[in-house]
Amino acid sequence: MSAGNDVWGDRTSGGPPHPFFGSRWTPRPEHVRELDPTSAGLPAGFRAAGVACGIKPSGNPDLGVVICDSDRPVSAARFTATATPAAPVLLSRERCRLDGLRAVLANSGCANAETGQRGLDDAAKTQGAAAIALGVEPEEVVLGSTGGISWYLPVNAVLKGILDVSGRLRREGDADFQQAIQTTDAFEKRANLELELPSGTVRLSAQCKGAGMISPNFATMLCFVQTDAALEPHTADLLLGVCVKRSFDRCSVDGQLSTNDTAVLMCSGASGVSIEPESEDELRFGEALDALLRALGIMMVADGEGARRIARVVVRGGHPDGVEAVARSIANSPLVKTALHSADPNWGRLVQAAGSALAGRDWFPTPLPLDISIENILVCSAATAIDYDQDALARAVQVQEIEYEITLGGGDRIQAETEVFFSDLSHEYVRINAEYTT
(Lines give C-alpha, C1' and ligand atoms only; values in the text may rest on other atoms or scores of the structure.)
Protein backbone atom coordinates (compact mmCIF):
# COMPACT_ATOMS: atom_id res chain seq x y z
CA MET A 1 0.00 0.00 0.00
CA SER A 2 1.36 3.43 -0.86
CA ALA A 3 1.79 6.12 1.75
CA GLY A 4 -0.24 9.27 2.16
CA ASN A 5 -3.63 8.02 3.37
CA ASP A 6 -3.59 9.44 6.89
CA VAL A 7 -6.52 11.80 7.14
CA TRP A 8 -5.62 13.10 10.57
CA GLY A 9 -2.00 13.69 9.68
CA ASP A 10 -3.23 17.03 8.38
CA ARG A 11 -4.47 18.48 11.69
CA THR A 12 -3.37 22.04 12.34
CA SER A 13 -1.06 22.21 15.33
CA GLY A 14 -0.74 25.00 17.85
CA GLY A 15 2.56 26.11 19.31
CA PRO A 16 4.25 24.70 22.38
CA PRO A 17 2.36 25.07 25.69
CA HIS A 18 3.36 27.93 27.97
CA PRO A 19 4.52 27.53 30.61
CA PHE A 20 6.17 24.28 29.63
CA PHE A 21 6.02 22.93 33.19
CA GLY A 22 2.29 23.60 33.43
CA SER A 23 1.15 20.36 35.07
CA ARG A 24 1.06 19.98 38.85
CA TRP A 25 2.85 16.67 38.34
CA THR A 26 5.89 18.25 36.69
CA PRO A 27 7.26 21.11 38.81
CA ARG A 28 10.10 23.07 37.24
CA PRO A 29 13.45 22.37 38.94
CA GLU A 30 14.86 25.50 40.56
CA HIS A 31 18.01 25.44 38.43
CA VAL A 32 16.05 25.25 35.15
CA ARG A 33 14.84 28.28 33.18
CA GLU A 34 12.36 28.11 30.32
CA LEU A 35 13.45 29.92 27.18
CA ASP A 36 11.13 31.38 24.58
CA PRO A 37 10.61 28.48 22.14
CA THR A 38 9.83 30.88 19.30
CA SER A 39 13.30 32.45 19.38
CA ALA A 40 15.68 30.39 21.52
CA GLY A 41 16.85 27.95 18.86
CA LEU A 42 18.74 24.75 19.47
CA PRO A 43 21.70 24.33 21.83
CA ALA A 44 25.12 25.19 20.41
CA GLY A 45 26.36 22.61 17.92
CA PHE A 46 22.95 21.67 16.48
CA ARG A 47 20.96 22.62 13.39
CA ALA A 48 17.58 21.42 12.19
CA ALA A 49 15.02 21.82 9.42
CA GLY A 50 11.71 20.45 8.22
CA VAL A 51 10.10 20.37 4.77
CA ALA A 52 7.15 18.96 2.88
CA CYS A 53 8.33 16.26 0.51
CA GLY A 54 4.97 14.81 -0.52
CA ILE A 55 4.32 11.97 1.91
CA LYS A 56 1.20 13.71 3.25
CA PRO A 57 -1.46 14.56 0.66
CA SER A 58 -2.15 17.86 2.45
CA GLY A 59 1.27 19.20 1.53
CA ASN A 60 2.08 19.76 5.20
CA PRO A 61 5.67 19.26 6.45
CA ASP A 62 6.58 15.58 6.66
CA LEU A 63 10.39 15.24 6.59
CA GLY A 64 12.83 16.59 9.16
CA VAL A 65 16.54 16.50 9.97
CA VAL A 66 18.56 17.36 13.06
CA ILE A 67 22.35 17.37 12.78
CA CYS A 68 25.06 17.70 15.39
CA ASP A 69 28.08 19.60 14.05
CA SER A 70 30.44 18.27 16.70
CA ASP A 71 33.23 15.97 15.49
CA ARG A 72 32.81 13.70 18.53
CA PRO A 73 29.17 13.71 19.61
CA VAL A 74 27.82 11.41 22.27
CA SER A 75 24.33 9.94 22.09
CA ALA A 76 21.93 7.34 23.48
CA ALA A 77 18.69 5.85 22.19
CA ARG A 78 15.69 3.81 23.24
CA PHE A 79 13.19 2.04 21.00
CA THR A 80 9.80 0.33 21.18
CA ALA A 81 9.50 -2.98 23.03
CA THR A 82 6.97 -4.37 20.55
CA ALA A 83 7.53 -7.72 18.83
CA THR A 84 6.59 -6.06 15.52
CA PRO A 85 9.08 -3.18 15.20
CA ALA A 86 9.01 -1.04 12.08
CA ALA A 87 11.82 -1.00 9.51
CA PRO A 88 13.41 2.25 10.76
CA VAL A 89 13.58 0.83 14.29
CA LEU A 90 15.12 -2.42 13.09
CA LEU A 91 17.66 -0.64 10.92
CA SER A 92 18.60 1.89 13.60
CA ARG A 93 19.03 -0.76 16.29
CA GLU A 94 21.09 -3.07 14.09
CA ARG A 95 23.21 -0.66 12.02
CA CYS A 96 23.57 2.62 13.89
CA ARG A 97 26.37 3.64 16.23
CA LEU A 98 23.91 4.59 18.90
CA ASP A 99 26.50 6.11 21.23
CA GLY A 100 27.89 8.42 18.51
CA LEU A 101 24.99 9.61 16.38
CA ARG A 102 25.48 12.71 14.24
CA ALA A 103 22.04 13.10 12.67
CA VAL A 104 18.34 12.30 12.83
CA LEU A 105 16.24 11.68 9.71
CA ALA A 106 12.55 11.56 10.61
CA ASN A 107 9.34 11.48 8.62
CA SER A 108 5.63 11.57 9.34
CA GLY A 109 2.74 10.23 7.28
CA CYS A 110 4.21 6.73 6.86
CA ALA A 111 5.41 4.36 9.58
CA ASN A 112 7.21 2.00 7.17
CA ALA A 113 6.02 -0.85 9.39
CA GLU A 114 5.09 -4.39 8.32
CA THR A 115 6.69 -3.67 4.93
CA GLY A 116 9.11 -6.61 4.87
CA GLN A 117 12.42 -6.55 3.05
CA ARG A 118 11.27 -3.70 0.85
CA GLY A 119 10.72 -1.57 3.94
CA LEU A 120 14.22 -2.31 5.20
CA ASP A 121 15.71 -1.54 1.79
CA ASP A 122 13.77 1.72 1.61
CA ALA A 123 14.94 2.73 5.08
CA ALA A 124 18.56 1.94 4.14
CA LYS A 125 18.30 4.01 0.96
CA THR A 126 17.07 7.06 2.84
CA GLN A 127 19.67 6.60 5.57
CA GLY A 128 22.44 6.43 2.98
CA ALA A 129 21.15 9.43 1.07
CA ALA A 130 20.93 11.49 4.26
CA ALA A 131 24.49 10.53 5.17
CA ILE A 132 25.79 11.72 1.80
CA ALA A 133 23.81 14.97 1.92
CA LEU A 134 24.95 15.73 5.47
CA GLY A 135 28.56 14.60 5.12
CA VAL A 136 28.39 11.88 7.78
CA GLU A 137 28.51 8.08 7.85
CA PRO A 138 25.29 6.03 7.40
CA GLU A 139 25.71 4.45 10.85
CA GLU A 140 25.66 7.97 12.32
CA VAL A 141 22.12 8.67 11.01
CA VAL A 142 19.27 7.39 13.19
CA LEU A 143 15.85 7.01 11.59
CA GLY A 144 12.39 7.84 12.88
CA SER A 145 9.08 7.28 11.10
CA THR A 146 5.46 7.71 12.16
CA GLY A 147 2.14 7.28 10.37
CA GLY A 148 0.08 4.46 8.95
CA ILE A 149 1.22 0.85 9.30
CA SER A 150 1.65 -1.22 6.08
CA TRP A 151 2.28 1.79 3.84
CA TYR A 152 5.43 1.78 1.77
CA LEU A 153 7.70 4.79 2.04
CA PRO A 154 7.67 6.93 -1.15
CA VAL A 155 11.44 6.73 -1.49
CA ASN A 156 11.88 9.03 -4.50
CA ALA A 157 9.93 11.79 -2.77
CA VAL A 158 11.97 11.32 0.40
CA LEU A 159 15.27 11.43 -1.51
CA LYS A 160 14.29 14.74 -3.09
CA GLY A 161 13.18 15.95 0.31
CA ILE A 162 16.56 15.09 1.81
CA LEU A 163 18.30 17.37 -0.72
CA ASP A 164 15.82 20.13 0.10
CA VAL A 165 15.97 19.84 3.88
CA SER A 166 19.77 19.58 4.00
CA GLY A 167 20.00 23.04 2.45
CA ARG A 168 17.71 24.61 5.04
CA LEU A 169 19.46 23.54 8.25
CA ARG A 170 19.79 26.28 10.86
CA ARG A 171 20.01 26.60 14.60
CA GLU A 172 16.49 28.07 14.74
CA GLY A 173 15.03 25.19 12.71
CA ASP A 174 13.62 23.20 15.63
CA ALA A 175 10.06 24.51 15.09
CA ASP A 176 10.17 23.42 11.43
CA PHE A 177 11.50 20.02 12.46
CA GLN A 178 8.73 19.71 15.07
CA GLN A 179 6.04 20.34 12.47
CA ALA A 180 7.57 17.72 10.18
CA ILE A 181 7.28 14.88 12.71
CA GLN A 182 3.69 15.41 13.86
CA THR A 183 0.64 13.35 12.86
CA THR A 184 -2.48 13.59 15.05
CA ASP A 185 -0.89 16.04 17.50
CA ALA A 186 -3.12 19.02 18.27
CA PHE A 187 -0.26 21.07 19.69
CA GLU A 188 3.53 21.11 19.70
CA LYS A 189 5.49 19.23 22.31
CA ARG A 190 8.68 21.21 22.20
CA ALA A 191 10.96 22.80 24.80
CA ASN A 192 14.06 24.98 25.06
CA LEU A 193 15.62 25.07 28.53
CA GLU A 194 18.65 26.60 30.21
CA LEU A 195 20.32 24.79 33.11
CA GLU A 196 22.50 26.35 35.78
CA LEU A 197 24.96 23.64 36.85
CA PRO A 198 27.83 23.92 39.34
CA SER A 199 30.30 23.80 36.42
CA GLY A 200 28.46 26.26 34.19
CA THR A 201 25.38 26.93 32.05
CA VAL A 202 24.15 24.43 29.48
CA ARG A 203 21.14 24.18 27.16
CA LEU A 204 18.63 21.36 26.76
CA SER A 205 15.99 21.16 24.03
CA ALA A 206 13.51 18.57 22.78
CA GLN A 207 10.99 17.90 20.04
CA CYS A 208 8.37 15.23 20.63
CA LYS A 209 5.25 13.89 18.93
CA GLY A 210 2.51 11.57 20.14
CA ALA A 211 -1.22 11.62 20.82
CA GLY A 212 -2.66 8.14 20.19
CA MET A 213 -1.58 4.47 20.19
CA ILE A 214 0.11 5.17 23.51
CA SER A 215 0.69 2.64 26.27
CA PRO A 216 2.98 2.17 29.25
CA ASN A 217 6.20 0.42 28.25
CA PHE A 218 6.75 3.17 25.69
CA ALA A 219 4.33 5.12 23.56
CA THR A 220 3.61 5.85 19.91
CA MET A 221 6.04 8.66 19.97
CA LEU A 222 9.18 10.15 18.57
CA CYS A 223 11.32 12.24 20.91
CA PHE A 224 14.61 13.90 20.05
CA VAL A 225 16.63 15.67 22.76
CA GLN A 226 19.71 17.85 22.27
CA THR A 227 22.18 19.34 24.74
CA ASP A 228 25.41 21.30 24.40
CA ALA A 229 26.76 19.64 27.55
CA ALA A 230 29.50 17.02 27.22
CA LEU A 231 28.53 13.58 28.54
CA GLU A 232 30.32 10.25 28.50
CA PRO A 233 28.46 7.56 26.52
CA HIS A 234 27.70 5.53 29.65
CA THR A 235 26.31 8.59 31.42
CA ALA A 236 24.11 9.57 28.48
CA ASP A 237 22.76 6.03 28.15
CA LEU A 238 22.13 5.70 31.88
CA LEU A 239 20.32 9.03 32.20
CA LEU A 240 18.16 8.52 29.13
CA GLY A 241 17.21 5.00 30.22
CA VAL A 242 16.23 6.06 33.74
CA CYS A 243 14.30 9.11 32.56
CA VAL A 244 12.39 7.19 29.86
CA LYS A 245 11.27 4.68 32.50
CA ARG A 246 9.92 7.55 34.62
CA SER A 247 8.22 9.36 31.76
CA PHE A 248 7.19 7.74 28.48
CA ASP A 249 6.98 4.31 30.11
CA ARG A 250 4.42 5.81 32.50
CA CYS A 251 1.99 7.13 29.86
CA SER A 252 -1.18 5.61 28.45
CA VAL A 253 -3.84 6.98 26.14
CA ASP A 254 -5.36 3.78 24.81
CA GLY A 255 -3.15 0.92 26.00
CA GLN A 256 -1.83 0.25 22.50
CA LEU A 257 1.89 -0.32 21.98
CA SER A 258 3.32 1.20 18.80
CA THR A 259 5.68 -0.20 16.18
CA ASN A 260 7.85 2.92 15.88
CA ASP A 261 8.67 4.39 19.31
CA THR A 262 12.04 6.14 19.32
CA ALA A 263 13.76 8.43 21.83
CA VAL A 264 17.22 9.85 21.15
CA LEU A 265 19.53 12.03 23.26
CA MET A 266 22.39 13.81 21.42
CA CYS A 267 25.19 15.73 23.14
CA SER A 268 27.41 18.18 21.23
CA GLY A 269 29.67 19.28 24.11
CA ALA A 270 29.83 22.74 22.52
CA SER A 271 29.20 24.54 25.82
CA GLY A 272 32.51 23.30 27.22
CA VAL A 273 30.73 22.05 30.35
CA SER A 274 31.44 18.38 31.09
CA ILE A 275 28.99 16.26 33.06
CA GLU A 276 31.24 13.97 35.08
CA PRO A 277 29.80 10.69 36.37
CA GLU A 278 28.51 10.71 39.96
CA SER A 279 28.93 14.48 40.22
CA GLU A 280 26.57 17.26 41.29
CA ASP A 281 26.46 18.26 37.62
CA GLU A 282 25.16 14.81 36.70
CA LEU A 283 22.54 14.95 39.46
CA ARG A 284 21.21 18.33 38.36
CA PHE A 285 21.37 17.52 34.65
CA GLY A 286 19.49 14.28 35.35
CA GLU A 287 16.83 16.17 37.31
CA ALA A 288 16.32 18.53 34.37
CA LEU A 289 16.18 15.73 31.80
CA ASP A 290 13.73 13.82 33.99
CA ALA A 291 11.46 16.86 34.36
CA LEU A 292 11.66 17.54 30.62
CA LEU A 293 10.67 14.03 29.56
CA ARG A 294 7.94 13.72 32.21
CA ALA A 295 6.44 17.01 31.05
CA LEU A 296 6.51 15.82 27.44
CA GLY A 297 4.92 12.52 28.44
CA ILE A 298 2.09 14.26 30.26
CA MET A 299 1.58 16.52 27.24
CA MET A 300 1.13 13.42 25.08
CA VAL A 301 -1.50 12.13 27.50
CA ALA A 302 -3.25 15.52 27.58
CA ASP A 303 -3.21 15.52 23.77
CA GLY A 304 -4.70 12.03 23.73
CA GLU A 305 -6.94 12.11 20.68
CA GLY A 306 -10.09 13.86 21.87
CA ALA A 307 -9.04 13.92 25.53
CA ARG A 308 -10.78 16.29 27.95
CA ARG A 309 -9.21 15.18 31.24
CA ILE A 310 -6.10 13.30 32.34
CA ALA A 311 -5.34 11.36 35.49
CA ARG A 312 -2.48 10.00 37.53
CA VAL A 313 -2.97 6.71 39.34
CA VAL A 314 -0.54 5.89 42.15
CA VAL A 315 -0.59 2.30 43.40
CA ARG A 316 1.22 1.10 46.52
CA GLY A 317 1.53 -2.38 47.97
CA GLY A 318 3.74 -5.25 48.95
CA HIS A 319 4.45 -6.76 45.53
CA PRO A 320 5.99 -4.82 42.59
CA ASP A 321 4.30 -6.95 39.92
CA GLY A 322 0.96 -6.48 41.62
CA VAL A 323 1.11 -2.70 41.86
CA GLU A 324 2.25 -2.44 38.25
CA ALA A 325 -0.55 -4.69 37.02
CA VAL A 326 -3.18 -2.73 38.94
CA ALA A 327 -1.89 0.65 37.75
CA ARG A 328 -1.93 -0.43 34.11
CA SER A 329 -5.33 -2.08 34.45
CA ILE A 330 -6.86 1.10 35.85
CA ALA A 331 -5.16 3.35 33.28
CA ASN A 332 -6.37 1.20 30.37
CA SER A 333 -9.88 0.41 31.63
CA PRO A 334 -12.58 1.77 29.27
CA LEU A 335 -14.92 2.06 32.25
CA VAL A 336 -12.44 4.11 34.28
CA LYS A 337 -11.58 6.26 31.27
CA THR A 338 -15.19 7.06 30.38
CA ALA A 339 -15.90 7.96 34.02
CA LEU A 340 -12.87 10.24 33.93
CA HIS A 341 -14.19 11.90 30.76
CA SER A 342 -17.48 12.83 32.42
CA ALA A 343 -15.90 13.68 35.81
CA ASP A 344 -17.87 10.84 37.40
CA PRO A 345 -16.30 9.85 40.77
CA ASN A 346 -17.51 6.26 40.39
CA TRP A 347 -14.74 4.53 42.36
CA GLY A 348 -16.38 1.15 41.89
CA ARG A 349 -14.75 1.13 38.47
CA LEU A 350 -11.34 1.38 40.15
CA VAL A 351 -12.23 -1.62 42.32
CA GLN A 352 -13.25 -3.63 39.27
CA ALA A 353 -10.08 -2.80 37.36
CA ALA A 354 -7.84 -3.63 40.34
CA GLY A 355 -9.59 -6.94 40.94
CA SER A 356 -9.34 -7.91 37.29
CA ALA A 357 -5.61 -7.21 37.26
CA LEU A 358 -4.96 -9.56 40.19
CA ALA A 359 -7.33 -12.37 39.24
CA GLY A 360 -5.68 -15.73 39.84
CA ARG A 361 -2.61 -14.30 41.61
CA ASP A 362 -2.45 -16.33 44.80
CA TRP A 363 0.06 -14.07 46.53
CA PHE A 364 -2.75 -11.55 47.17
CA PRO A 365 -5.52 -12.27 49.70
CA THR A 366 -9.12 -12.70 48.56
CA PRO A 367 -10.99 -10.48 49.08
CA LEU A 368 -8.24 -7.92 48.59
CA PRO A 369 -7.91 -5.30 51.37
CA LEU A 370 -8.10 -2.20 49.20
CA ASP A 371 -7.81 1.48 50.12
CA ILE A 372 -8.89 4.10 47.55
CA SER A 373 -8.55 7.87 47.57
CA ILE A 374 -9.62 10.32 44.86
CA GLU A 375 -8.11 13.79 45.06
CA ASN A 376 -7.01 13.03 48.65
CA ILE A 377 -10.55 12.05 49.68
CA LEU A 378 -10.63 8.53 51.15
CA VAL A 379 -13.64 6.63 49.78
CA CYS A 380 -12.76 3.01 50.56
CA SER A 381 -10.76 1.46 53.41
CA ALA A 382 -9.79 -2.21 53.65
CA ALA A 383 -12.23 -3.06 50.85
CA THR A 384 -15.10 -1.38 52.68
CA ALA A 385 -16.98 1.74 51.63
CA ILE A 386 -16.74 4.53 54.19
CA ASP A 387 -18.61 7.77 54.78
CA TYR A 388 -17.24 10.74 52.87
CA ASP A 389 -18.47 14.09 51.61
CA GLN A 390 -19.91 13.18 48.22
CA ASP A 391 -20.50 16.81 47.25
CA ALA A 392 -16.88 17.65 48.04
CA LEU A 393 -15.71 14.72 45.90
CA ALA A 394 -17.98 15.74 43.03
CA ARG A 395 -16.46 19.22 43.11
CA ALA A 396 -12.91 17.89 43.42
CA VAL A 397 -13.08 15.93 40.16
CA GLN A 398 -14.28 18.87 38.04
CA VAL A 399 -10.67 19.62 37.08
CA GLN A 400 -8.49 18.68 34.13
CA GLU A 401 -5.98 16.68 36.21
CA ILE A 402 -7.34 14.07 38.63
CA GLU A 403 -5.34 11.86 40.99
CA TYR A 404 -6.28 8.38 42.19
CA GLU A 405 -4.39 6.60 44.99
CA ILE A 406 -4.70 2.86 45.56
CA THR A 407 -3.17 0.83 48.39
CA LEU A 408 -3.15 -2.96 48.09
CA GLY A 409 -3.23 -5.14 51.17
CA GLY A 410 -3.76 -2.33 53.66
CA GLY A 411 -1.53 0.50 54.74
CA ASP A 412 0.88 -1.49 56.91
CA ARG A 413 2.53 -3.47 54.10
CA ILE A 414 3.56 -0.71 51.70
CA GLN A 415 6.80 -1.63 49.96
CA ALA A 416 6.37 -1.03 46.22
CA GLU A 417 4.93 2.01 44.45
CA THR A 418 4.25 2.92 40.83
CA GLU A 419 2.36 5.50 38.79
CA VAL A 420 0.73 5.81 35.39
CA PHE A 421 -0.54 8.93 33.65
CA PHE A 422 -3.56 8.38 31.41
CA SER A 423 -6.26 10.18 29.48
CA ASP A 424 -10.01 9.77 29.29
CA LEU A 425 -11.98 8.07 26.52
CA SER A 426 -14.22 10.32 24.44
CA HIS A 427 -16.49 10.35 21.41
CA GLU A 428 -13.77 12.32 19.63
CA TYR A 429 -11.22 9.53 20.16
CA VAL A 430 -13.55 7.09 18.41
CA ARG A 431 -14.16 9.53 15.56
CA ILE A 432 -10.48 10.28 14.98
CA ASN A 433 -9.44 6.64 14.94
CA ALA A 434 -12.45 5.53 12.88
CA GLU A 435 -11.40 8.01 10.20
CA TYR A 436 -7.62 7.56 10.46
CA THR A 437 -7.34 5.71 7.13
CA THR A 438 -9.39 5.85 3.97
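Owing to the predicted nature of the structure, the values given are computational and were not obtained by experimental measurement.

1. Details of the sheet that holds strand 14 (residues 310-317)
On the basis of which strands lie adjacent, the open sheet formed by seven strands has the order 11-19-14-18-15-16-17 and mixed pairing. Each edge of the open sheet is held by one strand with a lone partner, namely strand 11 (251-252) and strand 17 (384-385). Of the pairings in the sheet, the one linking strand 16 (residues 377-381) to strand 17 comprises two bridges and is antiparallel in character. Bridging across to strand 17, C380 finds its partner in A385. Each of strand 11, strand 14 and strand 19 (416-423) touches helix 6 (residues 280-302); the most contacted strand, strand 19, lies at about 45° to it. Helix 7 (residues 320-332) contacts strand 11, strand 14, strand 18 (401-408) and strand 19 of the sheet and is inclined by roughly 15° relative to strand 19.

2. Section: the confidence of the model for the chain
Mean pLDDT over the chain works out to 90, with 90% of the residues at or above the 70 mark. Overall, residues 1-11 carries pLDDT values under 50, and its contacts beyond four positions in sequence, including any with other chains, amount to 46 contacts. Every residue in residues 214-219 scores below 50 in pLDDT, and together they form 40 contacts with partners more than four places removed in sequence or on other chains.

3. Observations concerning the pairing of strand 3 (residues 63-68)
Side-chain positions along a regular strand alternate between the two faces of the sheet. With respect to burial, strand 3 is a largely interior element, six of its six residues being buried. The two faces of strand 3 match: L63, V65 and I67 on one face and G64, V66 and C68 on the other face are all buried. For strand 2 (residues 46-51) and strand 3, the ladder comprises six bridges, and the chain directions are antiparallel. Bridge pairing links F46 to C68 in strand 3.

4. What to know about the sheet that holds strand 7 (residues 189-197)
Strand pairing in a sheet relies on backbone hydrogen bonds. The paired strands run either parallel or antiparallel. Across the sheet, which stays open at both edges, the six strands sit in the order 1-7-8-9-12-4 with mixed pairing between neighbours. Each having just a single partner strand, strand 1 (32-34) and strand 4 (74-79) make up the two edges of the open sheet. For this sheet the average axis-to-axis angle between neighbouring strands, irrespective of direction, equals 15°. Across six bridges, strand 9 (residues 222-227) lies against strand 12 (residues 262-267) in parallel orientation. Looking across to strand 12, one finds that L222 is bridged to T262. Packed onto the sheet, helix 5 (residues 233-245) meets strand 4 and strand 12 and runs at close to 30° relative to strand 4.

5. Some words on empty space enclosed by the protein
On inspection of all chains with the given rule, the structure shows three cavities of 30 Å³ or more. Here the largest cavity defines a volume of roughly 80 Å³. Together, 13 residues line the largest cavity, and N107, T126, L143, S145 and L153 are the ones closest to its centre. If you list the elements that add at least two residues to the lining of the largest cavity, you get strand 5 (103-108), helix 2 (116-134) and strand 6 (141-146). When the residues that make up the lining of the largest cavity are grouped by side-chain class, the tally is eight nonpolar, five polar and no charged. For the second largest cavity, the calculated volume is near 50 Å³.

What counts, and at which threshold
- Residues numbered from 1 in each chain as written.
- Predicted model: local features only at pLDDT ≥ 70, side-chain atom pairs only at ≥ 80, totals over all residues.
- Heavy atoms only, no water.
- Pairing = 2+ DSSP bridges.
- Helix = DSSP H or I, 4+ residues; strand = E, 2+ residues; numbered from the N terminus.
- Contact = heavy atoms within 4.5 Å.
- Axes fitted to C-alpha atoms, helices over the stretch in contact; angles between N-to-C directions.
- pLDDT = per-residue confidence, 0-100.
- Buried < 20%, exposed > 50% of the residue type's maximum accessible area, 1.4 Å probe, protein only.
- 1 Å grid on protein atoms, 1.4 Å probe; cavity = no way out; pocket = protein on both sides within 12 Å on 5 of 7 lines; lining within 4 Å.
- Points joined across faces, edges and corners; volume = space filled by probe spheres on them.
- Nonpolar A, V, L, I, M, F, W, Y, C, P; charged D, E, K, R; others polar.

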